[in-house]
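Summary of the model geometry
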Amino acid sequence: MLEKFNGIFYLIIYLVHFIGVGVYAFQTIFGTKSFMERFGIDPSGAIMIRMAGAFMLAVFLMSIYVGFIRPGGLENTWGFLNLVFINNLCIFLCNFYSIKINKTGVNEKTTNEGVIAPFVFTVMSAILCYGLADKIYT
């Protein structure tokens, strides 16, 4: 198992990253109301919150398949892991712009979580793409 992830370090990064994505997916799909209240989002945004959660759920489920079920493991999964990195980067940039520059949707409940979490996910996915390059690009 550890050789599939090039050691314990990358396995831990993989688990932390995708468990984090899974937690956000769960919160947005099944805890939609409390998620919206936490960030001061109007109830009319529930459908879009769940739509974003569905994207995260798909990434979470694919990470389980790729990391632990797929016979080839992480071999030749560059498309998946690079898409995860690009998604994380785009979310970080859009949220940074919305919260720090344009201030769209910013209210008294707005926190830096919308910038910090995607930044952390971006860094972790970049580490995975770099550290697993010998596996994912074969």
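Residues numbered from 1 in each chain as written. Predicted model: local features only at pLDDT ≥ 70, side-chain atom pairs only at ≥ 80, totals over all residues. Heavy atoms only, no water.

Remarks on the packing of helix H1 (residues 8–29) against helix H5 (residues 113–131)
To keep things clear, this is the line we draw: Note on definitions: angles span 0 to 180 degrees between N-to-C directions of axes, and those axes are lines fitted to C-alpha atoms, for helices only across the stretch in contact. To qualify as a helix, a DSSP run of H or I must reach at least 4 residues; to qualify as a strand, a run of E must reach at least 2; elements of each kind are numbered from the N terminus. Each helix crossing is assigned a hand: it is left-handed if the near helix lies turned anticlockwise from the far helix by less than a right angle, otherwise right-handed if that turn is clockwise. The criterion used for residue contact is that any of the two residues' heavy atoms lie within 4.5 Å.
At a minimum axis distance of 10 Å, the contact between H1 and H5 shows a crossing angle of 145°. Here the hand of the crossing between H1 and H5 comes out left-handed. Counted together, Phe 9, Tyr 10, Ile 13, Tyr 14, Val 16, His 17, Phe 18, Gly 20, Val 21 and Tyr 24 of H1 and Glu 113, Ala 117, Phe 121, Met 124, Ser 125, Ile 127, Leu 128 and Gly 131 of H5 form the full contact between these two elements.

Let's talk about the packing of aromatic side chains
The following threshold applies: Two rings from Phe, Tyr or Trp (for Trp, the six-membered ring) form a pair when their centres are within 6.5 Å of each other. A pair whose planes differ by under 30 degrees is stacked, one over 60 is edge-to-face, and the rest are tilted. Remark: exposure states derive from per-residue accessible area (1.4 Å probe, protein chains only) relative to the maximum for the residue type, with buried under 20%, exposed over 50%, and partly exposed in between.
Under the criterion given, the structure shown has 11 aromatic pairs. Both rings, one in Tyr 14 and one in Phe 68, keep their centres 6.0 Å apart while their planes meet at 80°; by these two values the pair is edge-to-face. With Tyr 14 in helix H1 and Phe 68 in helix H3 (residues 46–69), this pair connects stretches of sequence that are 54 residues apart. The class for Tyr 14 is buried, based on a relative accessible area of 1%. By relative accessible area, Phe 68 is classed as partly exposed at 34%. Residues Phe 35 and Phe 39 carry aromatic rings whose centres are separated by 5.0 Å and whose planes lie at 55° to one another, so their mutual orientation is tilted. In this pair, Phe 35 and Phe 39 both sit in helix H2 (residues 32–39), 4 residues apart, roughly one turn of the helix. The residues Phe 35 and Phe 39 share a single accessibility class, namely buried. Connected via pairs of aromatic rings, a cluster forms that spans Phe 5, Tyr 14, Phe 18, Phe 68 and Phe 80.

A word on H5
Counted only if it meets this: A helix is expected to span 1.5 Å multiplied by its residue count minus one.
In a regular helix each residue adds 1.5 Å, so 19 residues correspond to 27 Å; H5 covers 26 Å between its end C-alpha atoms and thus fits that length. Taken as a whole, H5 has its buried residues at Gly 114, Val 115, Ala 117, Pro 118, Phe 121, Thr 122, Met 124, Ser 125, Leu 128, Cys 129 and Gly 131. On the buried face of H5, the contacting elements are H1, helix H4 (78–102) and helix H6 (133–136).

Digging into the nonpolar core
Let me state the cut-off plainly: By nonpolar core we mean a set of buried residues, namely Ala, Val, Leu, Ile, Met, Phe, Trp, Tyr and Cys, connected to one another through side-chain atoms within 4.5 Å.
One finds Tyr 14, Phe 18, Leu 74, Phe 80, Leu 81 and Leu 132 to be the most contacted residues of the largest nonpolar core, which totals 26 residues. Mapped by element, the contributors of at least two residues to this core are H1, H2, H3, H4 and H5. If we ignore the near neighbours within four places in the chain, the residues touching Leu 74 are Lys 4, Phe 5, Tyr 14, Val 66, Gly 67, Leu 132, Lys 135 and Ile 136.

Digging into the side chain of Thr 122
What counts, and what does not: Think of a polar contact as two N or O atoms within 3.5 Å of one another; within protein, one of them needs to be a possible hydrogen donor and the other a possible acceptor, and neighboring residues in sequence only count if both atoms come from side chains.
Locating Thr 122 in the fold gives a position in helix H5. Within polar-contact distance, the side chain of Thr 122 engages the backbone nitrogen of Leu 89 at 3.4 Å. Beyond its immediate sequence surroundings of up to four residues, Thr 122 is in contact with Phe 85, Asn 88, Leu 89 and Phe 92.

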